[in-house]
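# Chain and residue survey
So the chains spell out like this:
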Amino acid sequence: MLKLQGFAVSPGVTIGEALVLGTEGFRIPRRFVERSAVDTELARLQAAVAETTREVERNRDAIRSELGDQYAAIFDAHLAMLHDERLQQELTSAVRDRNWWPEYAVSRTLRRYAKAFQNLDNHIAQRAHDIYDIEKSLLRNLLGQRRETLAAISQPVVVLAHNLTPSETANLDRRFVKGFATELGGPGSHTAIVAEGLEIPAVVGIGPFLADVSGGEPVILDGNQGLIILQPDEETIAQYRQELEAARTVAAELDLIRDLPAETTDGVRIQITGNIEFPDEAEHCIARGCDGIGLYRTEFLYLRSRREPSEDDHFAAYGAVVRAMNGKPVVIRTLDLGADKMLTESRPEEDRNPCLGLRSIRLSLRQLPVFRTQLRAILRASALGDVRVMFPLISTIIELRQARMVLADVMEDLLEHGIAFNPKMPVGMMVETPAAALMLDALVKEVDFVSVGTNDLIQYTLAVDRGNKDVAELYNACDPAVLRLLRSSLDVANAAGVPANVCGQMSGSVMYTQLLLGLGLRHMSVPASAIPEVKQVVRSVSVAECRLVAEKALTMDGAREVKAYLRDQFNRRLARAVAGGDAAR
Ligand code: PEP
Ligand code: MG
């Protein structure tokens, strides 16, 4: 049994069969061959070895004529490894004696070799990459046209991958993908956010572990603790089955407060809206008793489709959400493409710092036809219900004014053509940059509402990439710098009478509920799965006590201290709520 720690990014526990995707996305299930087919399969293996040999020789010869013998020697080393007698014997024996499928034999055996190199604590460890190269080449030749991809999954699995992009995650088939774990990725990445939206338990940023697991093996994925357990023993499996049972009971209890208002013990009504990426998530929010949609991340329309969505595609998606909400508000955020939400075709060659580059509203303002198409669809949807539009990543007042100008222009166009829309559609902006937070007193005069995007606000305040596991320790909502920006943003918006909400992941974590209420927040927008729990906490605290928690947290000068304090406060509240049974009061 091997327990590995990563970042818990989407809650839930799942026990299932591993589907291992290598860096090239190969899928290698643990499969066995019939005894009668052993010779045919061995011949297939030998053919793949021969083809790989030819490929390596071709590369060697090309490099030799370009760069000389010294560089060509790298490929001679590959050939020597590939034809190593011991390796060849092991592969043959795996197929002949253990009846392993050749792909599985190659993957298992070569990964064991690579692991032996990786364990060496010196420069030789790099040779593991050469072995992975040989593995990939053999697999490519073995699988040929039969190479399987994420899109072809047709049975329940736990996907284990080097990395998954937000768009790959967006395309996962929820019916079959029961969880996923990746070697790369940080807690604030959009891959993490999409997993939570799709309610697929996930752990990211585990570091190298794919060499330790093969497809078809049982694994436990614990999205609550951020753990992945390979080759679990019976006792651990039984323990997790019990945990799954307990989680079902808690969910049933939380369901009891579904139709009760999110109101504190001192009678303050809090709005709890849902964050969605896809139209069908609106139903999940309704099922959990939401007060509307506080953040619709529309860029996922692009990331799930192979072609540029038309105005009607946009309109169909927005219309579905507005109808599902049946009069409740829907905040549609305009495209927030760029950074880690990239359309591969449009990745700028020289964009080496994409989080600081042409992303989000900056991109929309550069690609006006795309922006206008989306705004037309949003305006058309505004005739169907309570639609509000929101601009992401505003960092200067000029950007806000430009975006508003484009909106006004599109409105005029619709008016001219007699197309229905709400001319008073509320317009809001996200506070995701320290610049916006610092200039908010000026910005609030030009919007109807603001929404603090703590995911990006943390990233830009602390200068730490939200998707990079190596700096994930620094990515911390408890950092006093973040808390001060949050406090001032809420103070400024509240003083101006402009409704404010927080729609970053921080809002969906119950550890922060007391702090946020104490800072003056009265509207939280959270992933659908977090709605019941956040509501339960809201219903068990008073604003007066939350103020004390926030005041105290703001006197602290370190993130660690703040975190320990908030955790302690939360545990006390939880203990009291459970003892008093006041959740469903
Ligand atoms: C945020 O930055 O907090 C936010 C809600 O937007 P996104 O996570 O889509 O960047
Ligand atoms: Mg953001």
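Residues numbered from 1 in each chain as written. Chains lettered and ligands numbered in written order. Predicted model: local features only at pLDDT ≥ 70, side-chain atom pairs only at ≥ 80, totals over all residues. Heavy atoms only, no water.

On to the site of ligand 1. Ligand 1 sits among 16 residues. The nearest are R297, R333, E432, N455 and R466. Contacts to ligand 1 include E432, whose side-chain N or O atom sits 2.8 Å from an oxygen atom. Within the side chain of R466, a nitrogen or oxygen atom sits 2.8 Å from an oxygen atom of ligand 1. Protein contact buries 100% of the 290 Å² of open area that ligand 1 shows by itself. When each cavity is represented as a set of grid points, ligand 1 is found to reside in the largest cavity. In terms of residue count, the dominant contributor to the shell around ligand 1 is helix α17 (residues 454-462) (3 residues). Within the shell around ligand 1, the residues separate by chemical class into 4 nonpolar, 5 polar and 7 charged. (Near = heavy atom within 4 Å. Polar contact = N/O pair within 3.5 Å; in protein donor to acceptor, adjacent residues only side chain to side chain. Areas by Shrake-Rupley, 256 points an atom, 1.4 Å probe, with all protein chains shown as cover. 1 Å grid on protein atoms, 1.4 Å probe; cavity = no way out; pocket = protein on both sides within 12 Å on 5 of 7 lines; lining within 4 Å. Sits in = over half its atoms within 2 Å of the grid points. Helix = DSSP H or I, 4+ residues; strand = E, 2+ residues; numbered from the N terminus. Nonpolar A, V, L, I, M, F, W, Y, C, P; charged D, E, K, R; others polar.)

Between its first and last C-alpha, helix α8 (residues 234-255) extends 32 Å over 22 residues, near the 32 Å set by a 1.5 Å rise per residue. For α8, the set of buried residues is T236, I237, Y240 and L254. Each buried residue of α8 lies within a common arc of 95° when the element is viewed along its axis, so the set occupies one face. α8 presents E234, E235, Q242, R248 and E253 as exposed residues on the side facing more than 90 degrees away from its buried surface. On its buried side, α8 packs onto β3 (13-21), β7 (218-222), β8 (227-230) and α21 (531-539). (Expected span 1.5 Å × (residues − 1). Buried < 20%, exposed > 50% of the residue type's maximum accessible area, 1.4 Å probe, protein only. Arc of directions from axis to C-beta. Contact = heavy atoms within 4.5 Å.)

Here we come to the coordination of the magnesium ion (ligand 2). Taken together, E432 (OE) and D456 (OD) make up the protein donors of the magnesium ion (ligand 2), found 2.0 to 2.1 Å from the metal. Highlighted residues: E432 in the loop between β13 (427-431) and α15 (434-438) and D456 in helix α17, separated in sequence by 24 residues. Overall, D456 belongs to the buried group, its relative accessible area being 2%. (Donors = N, O, S within 2.8 Å, 3.2 Å for Na, K, Ca; no water.)

Spatially, the 8 strands line up as an open sheet ordered β1-β8-β7-β3-β4-β5-β6-β2, and their pairing is mixed. Each of the sheet's edge strands pairs with one partner strand only, and the pair in question is β1 (2-5) and β2 (7-10). Along the sheet, successive strands turn relative to each other by an average axial angle of 30°, direction set aside. In the sheet, β7 pairs with β8 via 4 bridges, with the strands oriented antiparallel. By the bridge assignment, V219 is partnered in β8 with L230. (Pairing = 2+ DSSP bridges. Axes fitted to C-alpha atoms, helices over the stretch in contact; angles between N-to-C directions.)

Burial analysis of strand β10 (residues 293-297) places 5 of its 5 residues in the buried class, the great majority of the element. Sheet topology note: the strand β9 (residues 271-276)/β10 ladder contains 3 bridges and is parallel. Bridging from a neighbouring strand, N275 pairs with L295 of β10. Once the chain exits β9 it traverses helix α9 (residues 281-287) before rejoining the sheet at β10, and the crossover so formed is right-handed. Relative to strand β11 (residues 330-333), β10 is paired through 3 bridges, and the arrangement is parallel. Bridging from a neighbouring strand, R297 pairs with R333 of β11. (Right-handed = clockwise from strand over helix to strand, strands pointing away.)

Opposite charge on two side chains lets them pair, provided their charged atoms get close. The final tally for this structure, using the stated rule, is 40 salt bridges. Linking R44 and E41 is a salt bridge whose minimum nitrogen-to-oxygen distance equals 2.8 Å. Placement of both R44 and E41 in helix α1 (residues 38-67) is noted, with a separation of 3 residues, approximately one turn of the helix. Because the salt bridges share partners, they merge into one network encompassing E311, D312, R372, R376, R380, D409 and D413. (Salt bridge = Lys/Arg side-chain N within 4 Å of Asp/Glu carboxyl O.)

What follows covers the confidence of the model for the protein. For the protein, per-residue confidence averages 90 on the pLDDT scale, and 93% of positions sit at 70 or higher. The model gives residues 578-585 a pLDDT under 50, and that stretch makes 15 contacts with residues more than four places away or in other chains. (pLDDT = per-residue confidence, 0-100.)

With that out of the way, let us pick up the packing of aromatic side chains. Overall, the coordinates contain 4 aromatic pairs when judged by the stated rule. Summarising the aromatic geometry, the rings of W100 and Y104 are spaced 4.9 Å apart at their centres and angled 70° between planes, so their arrangement reads as edge-to-face. Judged by its relative accessible area of 1%, Y104 is buried. With a centroid separation of 5.6 Å and 90° between ring planes, the pair formed by Y296 and Y318 is classed as edge-to-face. (Phe/Tyr/Trp six-rings, centres within 6.5 Å; stacked < 30°, edge-to-face > 60°.)

Another aspect to go through is α21. A large share of α21 lies buried, amounting to 8 of its 9 residues. Residues of α21 that are buried include every one of I531, P532, V534, K535, Q536, V537, V538 and R539, and no others.

With that settled, consider empty space enclosed by the protein. All told, the structure shown has 3 cavities of 30 Å³ or more when counted by the stated rule. The calculated volume of the largest cavity comes to roughly 70 Å³. R297, R333, M430, E432 and N455 are the residues nearest the centre of the largest cavity, which is lined by 14 residues in total. When contributions to the lining of the largest cavity are tallied by element, the ones reaching two or more residues are β10 and α17. For the lining of the largest cavity, the element with the most residues is α17, which contributes 3 residues. A breakdown of the residues in the lining of the largest cavity according to their chemical character gives 3 nonpolar, 5 polar and 6 charged. (Points joined across faces, edges and corners; volume = space filled by probe spheres on them.)

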